[in-house]
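Here is how the chains run, residue by residue.
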Amino acid sequence: MPTRSILLILAAAGAIAAEPVLSDLRLGIEARPTAFAFTWDDHGRGRGGDDAFAQAWALAVGWRGGRGRAGGAHQLAWGGDLLGVQESASLGTRRALLGRAALGWAWGLHDDWTAGAEALAAAGPARWTLDAGTTGAVPLDGWMVEGGARAWLRWRPGQRWSLAGEAGWLLGRDRLAGDQVAMTTARNGPLFALTLGWTLDPRPRPLDP
């Protein structure tokens, strides 16, 4: 592509760019990685292998905000979420309540469209309820820890409501134990989310006098 054409495309993108307005309360549903590797220690007898969740979902409630130059198309974006996680496998069901922090960047493509990317870090308590035939169905308690990154595209059909699609990669390592039985899992894979947002203050930052 000729250099002149590239410059024209970049100029057009800059002309329609707008200041992103980020001050959102968010409610989202996430499809999480299903494959995992595990190490099982049952009263001193260990084994390991690979397995996969039949279902791995999370419901997220959170907030995202932005900070940048008034009138600028780029902002620092940050926020946090509270996640309720449910993952079902052949061994039983794992549930967790995670607190997650996010830090990234946002680009106002248009008045109604914003793109961005963010790094994620989360941790919280978890319980794996084993099926009845597994070591007497002893519940395993412990912590889930995970991190990752994702990109997102947000559309505002009105001043306050928005809808965002998100995709990224998640990895984690977790340990749960109970009654001399312990399980450690390692997981990584794709993460997809659909989020509904409500903007607390839809006004752009005021320009300095």
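Calculation rules
Residues numbered from 1 in each chain as written. Predicted model: local features only at pLDDT ≥ 70, side-chain atom pairs only at ≥ 80, totals over all residues. Heavy atoms only, no water. Helix = DSSP H or I, 4+ residues; strand = E, 2+ residues; numbered from the N terminus. Buried < 20%, exposed > 50% of the residue type's maximum accessible area, 1.4 Å probe, protein only. Polar contact = N/O pair within 3.5 Å; in protein donor to acceptor, adjacent residues only side chain to side chain. Salt bridge = Lys/Arg side-chain N within 4 Å of Asp/Glu carboxyl O.

Here's the deal with the side chain of E30
Piece 1. In this fold, E30 is placed in strand 1 (residues 23-31).
Piece 2. What makes E30 buried here is its relative accessible area of 2%.
Piece 3. Here R150 takes part through its side chain, which lies 3.4 Å from a polar atom of the side chain of E30.

Some remarks on the pattern of salt bridges
Piece 1. With the rule as written, the count across this model stands at 16 salt bridges.
Piece 2. Between R64 and E118 there is a salt bridge, with the nearest N and O atoms lying 3.1 Å from each other. With a gap of 54 residues between them, R64 in strand 4 (residues 55-67) and E118 in strand 7 (residues 113-130) connect regions that are remote in the sequence.
Piece 3. Residues D141 and R127 are paired through a salt bridge, measuring 2.6 Å at the closest nitrogen-oxygen approach. In this pair, D141 sits in strand 8 (residues 140-155) while R127 sits in strand 7, placing the two residues 14 residues apart along the sequence.
Piece 4. Classification of R127 by relative accessible area gives partly exposed; the value is 41%.

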